[in-house]
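# Structural features, examined
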Amino acid sequence: MLNSSLQKSFYAELRTVLRQFPCLSPDSSSVQERFKCDKDTFEWRLEYELNKTSDNINIVSFYLHCDSEDDLINESGTVIAYPIMEFKHPPAYTFYCPPLTFNKNQRSCQLSSFARKQLLSYVVQDSLSLTLKLNYMRKQFTPRRQITTNGNSDTNAFENGAAASSLESSISRDLENIRINANLSDVTLSVNGKDYPSHRIILAARSSVFSALFASDLPENEKNHVVIADVEQEPFEEMLRYIYTGEMANLNEWAPELLPLADKYDLGELKKACEEILLDKLSIKSAAKLLKLADMHNAEKLKKHALQFIKDQADVYEDSQVEELRNTLATSRTEVILDMLTLFFGNQKQTIPIPVE
């Protein structure tokens, strides 16, 4: 088992001008820039170079290197970095890179690659202005107890599975603390009058919908304060907790409310987990509502099983339950009705009577 002995958050920023950018060629040497946080000993290095894809397309690849000789990263330490790249020339372009993990075996990571043609649109007088913003968290783990192997005591030995589990759990706790305490927050999400200070880079890394929002041409004040309608606070908080930590502690309680949110914000893993929970809740009483929910939010597995359940239980439906089913079909999208017709009657031209409003 491991025990966390050090965890600190830092911010470093590099403002640079990549000169003679249009002259960059695949034969050119890579260009490198060093930077660091004034409050930390870590040294970072940004590198970029031009390459060609197999389709002969010129791409510019950016890399981030950790050059620190600090014992933290040389031994049992881990650094989690959240980079943001901003190309300054109007219209400005902001790219939220996925989180990067650095340790003694992984000191270099690729930030991203861009088509050279795309970046040329931000060039002014042969120069490309770039700001790299880097929020990063340093963590160190030390053995909590001795582990005996082959009769010998080894204080640094530990099982890989236990180490990985401990690291993952610790990172989740730290990210949850960042969310709750609003450390370094740069966007506010407003739900039914309640504000949730959040972090663009985490939201964008986890959700393609948030990523597109923050990279859009909306005025900056609209990106800094996002009002979210048609959702209750409790399920939204559960979704936000999942985005930050990957945990789904209360999924059994909130699955019906979380499935629409997972669909809306493109959280595929959460959506699949909601479907699995709701599959176990299929009953004569709930099947119609779950069928409608699945159809509205593109939950194909849940929809298929709900349709099959209704077909298999058709003989035991009471009149009131059949009426509820008919009402559900009347207010759902056309696809549900067509699927029901196909499932129950094949290709025969038969209809299910539905109420007329």
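Residues numbered from 1 in each chain as written. Predicted model: local features only at pLDDT ≥ 70, side-chain atom pairs only at ≥ 80, totals over all residues. Heavy atoms only, no water.

This part covers helix α8 (residues 251-264). Here α8 is 14 residues long, yet its end C-alpha atoms lie only 17 Å apart, well below the 20 Å a rise of 1.5 Å per residue gives. The sharpest bend along α8 comes to roughly 60°, located at glutamate 257, with the proline proline 260 sitting one to four residues further on. On its buried side, α8 packs onto α7 (233-245), α9 (268-279), α10 (287-296) and α11 (300-312). Just beyond α8, the residue with positive phi is aspartate 266, at close to 55°. (Helix = DSSP H or I, 4+ residues; strand = E, 2+ residues; numbered from the N terminus. Expected span 1.5 Å × (residues − 1). Bend = angle between axes of the 7 residues up to and from the residue. Contact = heavy atoms within 4.5 Å.)

Okay, the pairing of strand β14 (residues 194-198) next. Taken together, the five bridges between strand β13 (residues 187-191) and β14 define a ladder with antiparallel strand orientation. Looking at β14, one finds that serine 190 is bridged to aspartate 195. The turn joining β13 and β14, which pair antiparallel and follow one another in sequence, is formed by two residues; a positive phi near 50° is taken by asparagine 192. (Pairing = 2+ DSSP bridges.)

In contact at an axis separation of 9 Å, α7 and α8 are set at 70° when each is read in the N-to-C sense. With respect to each other, α7 and α8 are oriented roughly perpendicular. α7 and α8 meet at a crossing whose hand is right-handed. In contact with Glu234, Pro235, Phe236, Glu238 and Met239 of α7, α8 contributes Trp254, Glu257, Leu258 and Leu261. Looking at the contact of α7 with α8, its residues break down into six nonpolar, no polar and three charged. (Axes fitted to C-alpha atoms, helices over the stretch in contact; angles between N-to-C directions. Parallel < 35°, antiparallel > 145°, perpendicular 65-115°, else oblique. Left-handed = near helix turned anticlockwise from the far one by under 90°. Nonpolar A, V, L, I, M, F, W, Y, C, P; charged D, E, K, R; others polar.)

Mean pLDDT over the protein stands at 77; residues scoring 70 or higher make up 76%. Within the model, pLDDT remains below 50 along residues 1-6, and this stretch shows 27 contacts once partners closer than five positions in the same chain are excluded. Segment residues 347-357: pLDDT under 50, and 15 contacts once partners within four positions in sequence are set aside and those in other chains are kept. (pLDDT = per-residue confidence, 0-100.)

This next bit is on the packing of aromatic side chains. A complete count under the given rule lists 14 aromatic pairs for this structure. Each ring, one from tyrosine 48 and one from phenylalanine 62, has its centre 5.6 Å from the other, and the planes form 25°; the classification is stacked. You can see tyrosine 48 sitting in strand β3 (residues 43-52) and its partner phenylalanine 62 sitting in strand β4 (residues 58-66), a full 14 residues away along the chain. Summarising the burial analysis for this pair, tyrosine 48 and phenylalanine 62 share the class buried. (Phe/Tyr/Trp six-rings, centres within 6.5 Å; stacked < 30°, edge-to-face > 60°. Buried < 20%, exposed > 50% of the residue type's maximum accessible area, 1.4 Å probe, protein only.)

Bringing the sheet that holds strand β8 (residues 108-115) into the picture now. Here four strands make up an open sheet; going across it, the order is β2-β3-β4-β8 and the pairing antiparallel. One side of each edge strand has no neighbouring strand; the edge strands of this open sheet are β2 (31-36) and β8. Adjacent strand axes in the sheet meet at a mean angle of 20° when their direction is disregarded. Pairing of β3 with β4, which is carried by nine bridges, proceeds in the antiparallel orientation. When the sheet's bridge partners are listed, tryptophan 44 is paired in β4 with cysteine 66.

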